[in-house]
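Examining the three-dimensional arrangement
Okay, here's what each chain looks like letter by letter:
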Amino acid sequence: MPAGMNYNLNPIETDKEIWNVETIFRLSGGFNLVTTNLTSGNHLPAGTPLAVDFSTRKATAVKNVKVYEAATAEATEYKVEKNSLAYVGMFLGNGTKGMEVSAIDTSNADYDVITVEATLGVAVAIGKILFEASASGGTTVKNTANALNYARTKIESGATVSVVGKVFEIFESELEVPVSDKDKDNLGARFLFV
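Report on the accompanying structure. (Residues numbered from 1 in each chain as written. Predicted model: local features only at pLDDT ≥ 70, side-chain atom pairs only at ≥ 80, totals over all residues. Heavy atoms only, no water.)

**Re the overall build of the protein**
Secondary structure summary: the protein contains 1 helix and 16 strands in total. Taking 194 residues into account, the globule formula puts the C-alpha radius of gyration at 16 Å, and the protein, at 18 Å, falls close to it. Summarising its shape, the C-alpha atoms of the protein cover approximately 60 × 50 × 35 Å along the three principal directions. Looking at the protein residue by residue over its 194 residues, the buried ones come to 39%. Contacts in the protein between residues far apart in sequence, at least 24 positions, make up 70% of those at least 6 positions apart. The protein carries 17 positive and 23 negative side-chain charges, and their two centres are separated by 6 Å. (Helix = DSSP H or I, 4+ residues; strand = E, 2+ residues; numbered from the N terminus. Rg over C-alpha atoms; globule rule 2.2 N^0.38 Å. Buried < 20%, exposed > 50% of the residue type's maximum accessible area, 1.4 Å probe, protein only. Contact = heavy atoms within 4.5 Å. Lys, Arg positive; Asp, Glu negative; His and termini not counted. Charge placed at Lys NZ, Arg CZ, Asp CG, Glu CD.)

Given below as structure tokens:
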């Protein structure tokens, strides 16, 4: 570098390797992203589970959260992994119980804190995936994945996503938005998680 020159550049953000790219089968055409309850200007990461409606060509992000730190049965605050798609007013469930999200604190660099209206009533272990429930009971999944997002997509009005219809060797630990067991059952043998 020449004397007196000072470059103050931020590194380019790149996607990490989340799957074996040689095994990807991408569906043709784009799908309109449903941006309801997604923060405009943020990005939907590659590998995000999607509920795709093939008749309307719309894709809805499946909003799962992964527990960062174990919580007791009486907890009203849950530490979850950063950059979840959770939003205030959503219901989170584990299949038998549910709770409504009343606040989200993103100030910590390592995790987000979700505050709920009432306790889940059961202890929650590290790594447990809670799904967006259709009601406060937490028994019914609101959206179940039938595809994955192919590439990082900016969330904005009119955004479209490319959809993965089949891929093997998905490195589950590298996914930014977790995939629940119910999603995996619905995705079937076309998607192999390792």
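Moving on, there is more to tell.
**A short note on the sheet that holds strand 6 (residues 65-66)**
Read across the sheet, 6 strands follow the order 6-11-8-9-10-7 without closing on themselves; strand pairing throughout is antiparallel. Pairing within the sheet leaves two strands with one partner each, and these edge strands are strand 6 and strand 7 (77-81). In the sheet, strand 7 pairs with strand 10 (residues 111-116) via 5 bridges, with the strands oriented antiparallel. Bridge pairing in strand 10 places glutamate 77 opposite threonine 115. (Pairing = 2+ DSSP bridges.)

So, to be careful, I would describe these as geometric facts and stop short of saying anything about function.
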